[in-house]
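Structural features, examined
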Amino acid sequence: MSGPSPGGSVADTPRLLLDLARLEANAARMRARAEALGVGFRPHFKTAKSVEVHRVAHGGGTGPATVSTMREAEVLAASGQAMDILLAATAVPARLPRAEALARHHGTRLILVVDSPEMAGLLDAAAGAPHEVLVEVDSGEHRAGVPPEKALAVARAVHGSGNLRMAGVMTHGGHSYGKADEASIAEVAEQERVATVTAAEAIRGAGMPAPIVSVGSSPTLLHARHLEGVTEIRAGVGLFWDLAQMSRGQCGWEDLALSVLSTVIGHNRASMSLVLDAGALALSKDMTANAFAPGTAYGTLGEAETGAALPLHVLHAYQEHGMVPVPDESWFARLPVGSLVRVYPNHACLTAAGGYGSYEVLDGTGNTVARWPRIDGWH
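I will try to describe carefully the structure that is included in this document. This is a predicted model, so every value here is computed, not measured.

Comments concerning the packing of aromatic side chains
Enumeration over the complete set of coordinates arrives at two aromatic pairs. Arranged with centres 5.8 Å apart and planes meeting at 70°, the rings of F240 and Y359 form a pair that is edge-to-face. Remark: Y359 occurs in strand 19 (residues 358-362) and F240 occurs in the loop between strand 9 (232-233) and helix 10 (243-247); sequence separation between them is 119 residues. Classification of F240 by relative accessible area gives buried; the value is 0%. Here the aromatic rings of W253 and Y344 are separated by 4.5 Å at their centres, their planes lie at 50°, and the arrangement is tilted. Linking W253 in the loop between helix 10 and strand 10 (258-268) with Y344 in strand 18 (residues 340-345), this pair joins segments that are 91 residues apart in sequence.

What to know about the environment of G205
As for its position among the elements, G205 is in helix 8 (residues 182-205). The exposure class of G205 is exposed, given its relative accessible area of 69%. With 112 residues separating them in the primary sequence, G205 and A317 have C-alpha atoms 53 Å apart.

With respect to the sheet that holds strand 7 (residues 164-170)
Either a parallel or an antiparallel arrangement is found when strands of a sheet pair, and the pairing is made through backbone hydrogen bonds. Strand order in the open sheet formed by eight strands is 2-9-8-7-6-5-4-3, and the pairing between neighbours is parallel. Lying at the two open borders of the sheet, with one neighbouring strand each, are strand 2 (40-41) and strand 3 (65-67). Relative to strand 5 (residues 109-114), strand 4 (residues 84-87) runs parallel, the two being bridged by three bridges. Each residue of the ladder has a partner; that of L86, found in strand 5, is I111. Here helix 7 (residues 151-159) sits on the sheet in contact with strand 5, strand 6 (131-136) and strand 7, set at roughly 155° to strand 7.

What counts, and at which threshold
- Residues numbered from 1 in each chain as written.
- Predicted model: local features only at pLDDT ≥ 70, side-chain atom pairs only at ≥ 80, totals over all residues.
- Heavy atoms only, no water.
- Phe/Tyr/Trp six-rings, centres within 6.5 Å; stacked < 30°, edge-to-face > 60°.
- Helix = DSSP H or I, 4+ residues; strand = E, 2+ residues; numbered from the N terminus.
- Buried < 20%, exposed > 50% of the residue type's maximum accessible area, 1.4 Å probe, protein only.
- Pairing = 2+ DSSP bridges.
- Contact = heavy atoms within 4.5 Å.
- Axes fitted to C-alpha atoms, helices over the stretch in contact; angles between N-to-C directions.

In structure tokens form, the structure reads like this:
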């Protein structure tokens, strides 16, 4: 059951594994759904943080991207993989010199986001060149953005500035991740659509441009009833999927593309647990509903070679240790000290951000076929 590490060589752990066939299938599903809805697909780079993954997301070609950091935008632009980039986190003046350098050096279109007249004013004062801007609308998550009826005031601040150009509106229905049935997710998707379309129509009615109407999350992409009036949709976690989304019916075990290769470094008979070298830093401390574990867990184990699910879960996570309770002592023989397992995470985005530096890319038989670098950090 322990088997060799993927690729047949001894590998230090923890390591970030990426199943290429599953990634390709997930990406094709996302693209096909966007096409069926009649909107553009702008995948979110914050999950993958990999130029190669972004290429797969676009079916092997180039295409637009969503990013959360300037570092992500710079790497994408330098690679030539994405020349039309949306910085989805609210812009701040300190980022403008880097944004302007992207346009000068690479010809990159970098679209900024604001959700207040005050920030629009700060950006305008700091800008050394024109910048396209989207107004962020709150469609129900209440994290960022303004209610649709207040988007016009932000748009007027942008439109009346000297260095900012109105480009449209955007929203993120992040509350879709907490829904467990298709009807509820479809309702969040409709909230996204109505909020952004209403705001865009009000902005256009006041004589200002709003060509972009951008919405999105992986669940709302899959379950939106229609997206009339929307121009593009963003999605990220659906490229990898994870146990949190599986528990809500968005994917199956066979769709999980991301896992962490870990070594069994100890048997703790006092707590009847396997000890793994994948802890909180390797898996994240996101403890969400798990489709397999009773209650919640940090991840579920799979066989190292095949990824087949095992009835074991990481129920306690220290910084560098993961504790896996076992029902009886037979598991100590089945998974001896030094053996390898995969851990499938609850939240793929945070797990992938754990500082690995690269993905070990596997083919359908568990062999390593490539190593793809990741882009981490802000600077």
